[in-house]
Amino acid sequence: MTDALQRFIFENCEVRGEHVQLQQAYLDVLASHHYPPGVANLLGEFIAAASLLSATLKFEGSLSLQVRGDGEVPLIMAETNDKLEMRAIAQGASEAMSSEFQRLLGGGQLAITIDPKKGSRYQGIVSLDGTSLAECLENYFRQSEQLSTRLWLCADGQRASGLMLQELPSAAPNPDQWQHLTMLADTITDEELLSTDAETLLYRLYHQDPLRLFEPKQPRFKCSCSRERIETALGNLGDAELSSILQEQGQIETHCEFCNRRYTFGAADFPQLTGAGAPTRH
Ligand SMILES: [Zn+2]
């Protein structure tokens, strides 16, 4: 299986869809982290969902899904951009035992943030009262965008897949057609979703409903961290703190939590970190 995100539209009704299958990108997201199985699966659903949603980005920028909850996973987030470069993380989740969505995330809110390179940032919020990420996102589209949307998401620690159906914004609602298409998609099993490419799956479901399948695009893992970004983050610690770490350890060593890349800063970097002069040695 290759990583692929593929758009399709039905020829005879105002419904569009996206299909995603992730393997290498998912393994890269999990690499160098030791997530419990339930957390790895949830993270897979997050990156599959972020990929499906990013297909709606019509400009340069990024889209992220983030939950700060009071469940076993205090923070989870997946981020992708218009080039389909993605990264994701679950923080403080090493003790999580559950595989249930509600136990993992607890109460809280799901934030969907769209951050264009040009223009202002948009954030949508939906409460986590569904029993799955797919259900929460469906609630979000119903409440915020008034768009009928269904998602099917699945991940098993090796593979992450998703399917999305959405009525076109301009469409006059056609409940019968919508029900027909979603009822067919409801027959997909998790294993089928994980192991079947878009063309095969869509033929299996919709061979009687003419549709057009577009060329696949390839999502991949790529962290957006940089020395400059880390400098900014370190700068927030304040002069006194940075100065004391430098004096105790001779250098400041840190790593990116998403990709584990190490960054080292010495006394010569101090002016950049703080915008001030180098610390005086005692
Ligand atoms: Zn990184």
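Here the structure is a predicted model, which means the values were calculated and not measured.

With that settled, the discussion passes to the coordination of the zinc ion. Taken together, Cys-223 (SG), Cys-225 (SG), Cys-256 (SG) and Cys-259 (SG) make up the protein donors of the zinc ion, found 2.2 to 2.3 Å from the metal. Viewed at the metal, the 4 donor atoms of the zinc ion are separated by angles of 105 to 117°, and the geometry they form is tetrahedral. Site description for the zinc ion: donor spacing in sequence, C-x1-C-x30-C-x2-C. Of this pair, Cys-223 sits in the loop between strand S11 (220-221) and helix H8 (227-235) while Cys-259 sits in the loop between strand S12 (252-255) and strand S13 (262-265), placing them 36 residues apart in sequence. Cys-223 gets classed as buried once you look at its relative accessible area, which sits at 14%.

Spatially, S7-S6-S3-S4-S5-S11 is the arrangement adopted by the 6 strands of the open sheet, whose pairing is mixed. Pairing within the sheet leaves two strands with one partner each, and these edge strands are strand S7 (122-127) and S11. The pairing of strand S6 (residues 108-116) with S7 spans 6 bridges and is classified as antiparallel. Within S7, the residue paired with Ile-114 across the bridge is Tyr-122. Here helix H4 (residues 133-145) sits on the sheet and contacts strand S3 (61-69), S6 and S7; the angle it forms with S7, its principal contact strand, is near 120°.

Notably, Leu-84 is not glycine yet its phi reads approximately 65°, a positive angle. By secondary structure assignment, the location of Leu-84 is in the loop between strand S4 (75-81) and strand S5 (85-91). Overall, the relative accessible area of 7% leaves Leu-84 in the buried class. With a phi close to 70°, Asn-260 is a non-glycine residue in the positive phi region. Within the secondary structure layout, Asn-260 lies in the loop between S12 and S13. Taking the relative accessible area as the measure of exposure, Asn-260 reaches 32% and is therefore partly exposed.

For the rest of this paragraph, the subject is the packing of aromatic side chains. Aromatic ring pairs are described here by two measures, namely the spacing of the ring centres and the angle between the planes. For the structure on display, the rule yields 3 aromatic pairs. Both rings, one in Phe-8 and one in Phe-10, keep their centres 5.8 Å apart while their planes meet at 85°; by these two values the pair is edge-to-face. Neither residue differs from the other here; Phe-8 and Phe-10 are each classed as buried. Taking 5.3 Å as the distance between ring centres and 70° as the angle between the ring planes, the aromatic pair formed by Tyr-140 and Phe-141 counts as edge-to-face. Exposure remark for Phe-141: the relative accessible area of 9% places this residue in the buried category. Above the plane of the ring of Phe-258 lies Arg-87, whose end atom (NZ or CZ) is 3.8 Å from the centre.

Quick look at the pattern of salt bridges now. On inspection of all chains with the given rule, the structure shows 13 salt bridges. A salt bridge links Arg-159 to Asp-156; the nearest nitrogen and oxygen atoms lie 2.8 Å apart. Taken together, the shared-partner salt bridges in this structure form one network comprising Arg-7, Arg-16 and Glu-18.

All right, on to the nonpolar core then. Ranked by size, the top nonpolar core spans 69 residues in total, and within it Phe-46, Leu-65, Val-73, Ile-76, Leu-105, Leu-110 and Leu-137 carry the most contacts. Per-element accounting of this core gives the leading share, 11 residues, to helix H2 (residues 37-54). The residues that make up this core include at least three from each of domain 1 (17-168 + 214-221) and domain 2 (227-274). Discounting residues that sit within four places of it in the chain, Leu-105 has contacts with Leu-42, Phe-46, Val-67, Gly-69, Asp-70, Gly-71, Val-73, Ile-76 and Leu-128. Core analysis: the next-biggest nonpolar cluster, separate from the first, contains 18 residues, Phe-10, Leu-165, Ala-185 and Ile-188 among them.

Note on placement: Glu-167 falls in strand S9 (residues 160-167). For the buried Glu-167, no salt bridge is present, and the opposite-charge side chain at shortest range is Arg-142, 10 Å distant. Once residues lying within four places of it in the same chain are set aside, the contact partners of Glu-167 are Glu-14, Val-15, Leu-147, Ser-148, Pro-173, Asn-174 and Trp-178.

Before going further, it helps to spend a moment on the confidence of the model for the protein. When pLDDT is averaged along the protein, the result is 91; 96% of the residues meet or exceed 70. Considering only residues more than four positions removed or in separate chains, one finds that residues 277-282, a stretch of pLDDT under 50, has 10 contacts.

Moving on: the domain arrangement of the protein. One can read the domain layout of the protein as domain 1 (17-168 + 214-221) and domain 2 (227-274). Each partner contributes residues to the interface: domain 1 has 8 residues there, and domain 2 has 5 residues. Taken together, the two surfaces of domain 1 and domain 2 that pack against each other cover about 630 Å², and 53% of this comes from carbon and sulfur. If you sort the residues of domain 1 by the area they bury against domain 2, Ser-32, Arg-87 and Ile-89 come out on top, with a joint share of 57%. For the pair domain 1 and domain 2, the interface holds 0 salt bridges. Where domain 1 packs against domain 2, one counts 3 residue pairs in polar contact (both at pLDDT 80 or more).

Rules and cut-offs
- Sequence order as written defines residue numbering, which begins from 1 separately in each chain.
- With pLDDT at 70 or above as the cut-off, local features in this predicted model cover only qualifying residues; side-chain atom pairs require 80 or more to be listed or tallied, and sums for whole chains, interfaces and linings still use all residues.
- To obtain the side-chain values, all non-hydrogen atoms of the structure were used and water was disregarded.
- For Na, K and Ca the donor cutoff is 3.2 Å, while for all other metals N, O and S atoms count as donors only within 2.8 Å; water does not appear among the atoms, so some sites may look incomplete.
- Every angle between 85 and 135 degrees makes a four-donor site tetrahedral, while opposite donors more than 155 degrees apart, with all other angles between 65 and 115, make a four-donor site square planar and a six-donor site octahedral; other sites are irregular.
- In DSSP terms, a helix is any run of H or I states spanning at least four residues, a strand is any run of E spanning at least two, and both are numbered starting from the N terminus.
- Buried, partly exposed and exposed residues are distinguished by accessible area as a fraction of the type maximum, computed with a 1.4 Å probe on protein chains only: under 20%, between the cut-offs, and over 50%, respectively.
- Here, any two strands with at least 2 DSSP bridges between them count as paired.
- Residues are treated as being in contact if the distance between any of their heavy atoms lies within 4.5 Å.
- Interaxial angles span 0 to 180 degrees and are taken between N-to-C directions of axes, which are lines fitted to C-alpha atoms, for helices over the stretch in contact.
- Pairing of aromatic rings covers Phe, Tyr and Trp, the last through its six-membered ring, and needs centres within 6.5 Å; plane angles under 30 degrees mean stacked, over 60 mean edge-to-face, and all others mean tilted.
- In this scheme, Lys NZ or Arg CZ marks a charge over a ring once it lies within 6 Å of the ring centre and within 35 degrees of the ring normal.
- Every case where a carboxyl oxygen of Asp or Glu lies within 4 Å of a side-chain nitrogen of Lys or Arg is listed as a salt bridge.
- Take the buried residues of types Ala, Val, Leu, Ile, Met, Phe, Trp, Tyr and Cys, join any two whose side-chain atoms come within 4.5 Å, and each joined set is a nonpolar core.
- Each domain's limits were defined by an automated method or a database of domain assignments.
- Residues counted as positive are Lys and Arg, residues counted as negative are Asp and Glu, and His and the chain ends are not counted.
- The pLDDT score gives, residue by residue, the confidence of the prediction method on a 0 to 100 scale.
- Summed over both partners, the accessible surface that disappears when two parts come together, traced with a 1.4 Å probe, is what is meant by buried area.
- The term polar contact refers here to a pair of N or O atoms within 3.5 Å; inside protein, the definition further demands a hydrogen-donor-capable atom paired with an acceptor-capable atom, and it admits residues adjacent in sequence only when both atoms are side-chain atoms.

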